[in-house]
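# Observations on chain architecture
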Amino acid sequence: MATRGFFGKRPSEGESDRLPPGQYLTEDFPVLSAGPTPRVDMEKWSFTLKDGVKPVARWTWDEFAKLPHVKLTRDIHCVTKWSKFNTAWSGVMIDDILAEAGIEPPTAFTLAHSFDGYTTNVPTADLVNGKAMIATAYDGKPITPDHGGPARLLVPHLYFWKSAKWVNGLQFTKRDEGGFWELRGYNMYGDPWREQRFTGD
Amino acid sequence: MDGSAQPKRLLWQEAVIEAVHAETPTVKSFRLRPDSWSGFTAGQHVDIRLTAPDGYQAQRSYSIGSAPDQSGTIELAIEALPDGEVSPFFHDVVEVGDRIELRGPIGGHFIWDRPLGGPILLVAGGSGLVPLMSILRHRASVAPDIPAVVVVSARRYDDLIWRDELLRRAKDDPNFRLIVTLTREQAREGLHFGRIGTALLADALAGGPPALTYICGSTPFVEAAADLVLAAGVPFESVRTERYGGAKG
């Protein structure tokens, strides 16, 4: 149905090709989180890979800093409707983390964990083959706490709640287990191009 | 566990505008009657979708300000953002009788109902008051014995959404305390002046620690308020936040 009297401020042609349905372009960088911003102590920071409940590899901040860091510049899309183009991150590709740990992904599903207790699920296939990283810098500077620093997951091709802030580990799971928002009505996969915002979309 | 029961699928539907009311110089409230509505939990929001004649669509999320009730209607309060796309449409075009597409209710974390208990502390910056008003109104009708404190920061006295109702509730409800601070207008009797700070938070917490704290507003407001609440000793896990980002309403 057309809405009476609505004409809209549409994006330019170049922009609209890059905007998934229902999204609008923003220049600033909004912050969305379910709770306060945690301040993560770098002395206590660690990143752990788990196969089910079993830890298979763990890095301290200094150890993680020695892993190969690369740049990844991508458009990002938040389920609250804003999109931001050309966000420039750097960090460690999940492929390189797995190679460093000397493992193949043991299961098809992954649950990302964060220092504040947040979790989110991502199919393992969406984390490997150059699709995702643990980001430690944004725009050439350490990621600020409100944007998920010191380290956040970056899975830019899915809605941004999948890119867990304050990440402290990835857990491979046998089943596709819903995380924090997924248990509260949000989509298990979250593809912005198919507008998978909520359960059943 | 605070997950509310969500329907299997959120379908788009139409709602008719039943009333429009100017609440402040920049905020209007809209009462909507969705064609099919089975209720919501205080604190939730809806997604609005507008469609231009050529099929172009814009979507935004707006919090519900009314309490869950049997009326089959919901009240949204929308602030006009100068360069916005959807909020100016609501302010300048929408009239009683118009039909608007929406889906919802949405949100399973920034919500409150009686089983979650109290005392509750609600901290609002500007139009961040909207979902907190739903919680406050709901508490008054289902659990008036649960103590509640509202801290609200507004630019000026006239920018305070639902001001008369807030002041009346503060006067009539012995378990509800209202703390208002104005950032761009000198204090009036009983109101504070300036941004929220340590002293204001100490005052808000004077009656004892809240079991649950809800903070809603712009990102800088929520960051500042959450840091103050945590610094005052409130446990991290008990604080829920909602930030209004991407100011493109």
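Residues numbered from 1 in each chain as written. Chains lettered and ligands numbered in written order. Predicted model: local features only at pLDDT ≥ 70, side-chain atom pairs only at ≥ 80, totals over all residues.

Below, the discussion takes up the overall build of chain A. A tally of regular secondary structure across chain A gives three helices and 11 strands. At 17 Å, chain A has a C-alpha radius of gyration in line with the 17 Å of a compact globule built from 201 residues. Each of the three principal axes of chain A carries a C-alpha extent, and together these read 60 × 35 × 30 Å. The buried share of chain A, reckoned over its 201 residues, is 41%. Look at the contacts in chain A between residues 6 or more apart in sequence, and 62% of them connect residues 24 or more apart. (Helix = DSSP H or I, 4+ residues; strand = E, 2+ residues; numbered from the N terminus. Rg over C-alpha atoms; globule rule 2.2 N^0.38 Å. Buried ≥ 20, exposed ≤ 12 C-beta atoms within 10 Å, placed from the backbone. Contact = placed C-beta atoms within 7 Å.)

What follows concerns the interface of chain A and chain B. Listed per partner, the contact involves 32 residues of chain A and 37 residues of chain B. The residue inventory of the side of chain A that touches chain B, partitioned by class, reads 14 nonpolar, 12 polar and six charged. (Nonpolar A, V, L, I, M, F, W, Y, C, P; charged D, E, K, R; others polar.)

So, on to the nonpolar core. Residue and element names in this part refer to chain B. Core analysis: the biggest nonpolar cluster contains 112 residues, and Leu122, Leu132, Val150 and Tyr214 have the highest contact counts within it. Three or more residues apiece are contributed to this core by two domains, here domain 1 (13–106) and domain 2 (114–244). What leucine 122 contacts, discounting residues up to four positions off in sequence, is Leu132, Ile135, Leu136, Ala148, Val150 and Tyr214. (Core = buried A, V, L, I, M, F, W, Y, C linked by C-beta atoms within 7 Å. Domains from an automatic or database assignment.)

Bringing the confidence of the model for chain B into the picture now. Predicted coordinates in areas of low pLDDT are best not read in detail. Residue and element names in this part refer to chain B. Here chain B shows a mean pLDDT of 94. Residues at 70 or above account for 94%. Low confidence marks residues 1–6, where pLDDT is under 50. Its contacts with residues over four positions away, or in another chain, come to 13 contacts. Confidence estimates for the predicted assembly give a pTM of 0.94 and an ipTM of 0.92. (pLDDT = per-residue confidence, 0-100.)

All right, on to the domain arrangement of chain B then. Residue and element names in this part refer to chain B. Looking at the assigned domains, one finds that chain B contains domain 1 (13–106) and domain 2 (114–244). The interface is formed by 16 residues belonging to domain 1 together with 13 residues belonging to domain 2. Considered class by class, the residues forming the side of domain 1 that touches domain 2 number seven nonpolar, seven polar and two charged.

Moving on, we come to the sheet that holds strand β9 (residues 176–182) of chain B. Residue and element names in this part refer to chain B. A sheet is described by the order of its strands in space; here six strands give the open sequence β10-β9-β8-β7-β11-β12, paired in parallel fashion. Bordering the open sheet on either side are β10 (192–193) and β12 (239–244), each of which pairs with just one other strand. Each of β7 (120–125), β8 (148–154), β11 (212–218) and β12 is contacted by helix α2 (residues 129–142), which is oriented at about 150 degrees to β7, the strand it contacts most. (Pairing = 2+ DSSP bridges. Axes fitted to C-alpha atoms, helices over the stretch in contact; angles between N-to-C directions.)

Adjacent strands of a sheet pair through backbone hydrogen bonds, lying either parallel or antiparallel. All names here are of chain B. Taking strand neighbours across the sheet as the criterion, the six strands line up as β4-β3-β6-β1-β2-β5 in an open arrangement whose pairing is antiparallel. Both edges of this open sheet fall to β4 (57–63) and β5 (74–79), since each of them pairs with a single strand only. Within the sheet, the average angular offset between the axes of one strand and its neighbour, ignoring direction, is 40 degrees. Summarising the sheet, strand β1 (residues 13–22) and strand β6 (residues 99–106) pair through four bridges and their orientation is antiparallel. Bridging across to β6, glutamate 14 finds its partner in glutamate 101.

So, on to the pairing of β8 of chain B. Residues and elements named next belong to chain B. Of all seven residues making up β8, seven are buried, and the element is well covered by its neighbours. Neither face of β8 is exposed, since Ala148, Val150, Val152 and Ala154 on one face and Val149, Val151 and Ser153 on the opposite face are all buried. Tracing the backbone out of β7, into α2 and back to the parallel element β8 gives a crossover that is right-handed. By the bridge criterion, seven bridges tie β8 to β9 in an arrangement that is parallel. Directly across from valine 150, in β9, lies its bridge partner leucine 178. (Right-handed = clockwise from strand over helix to strand, strands pointing away.)

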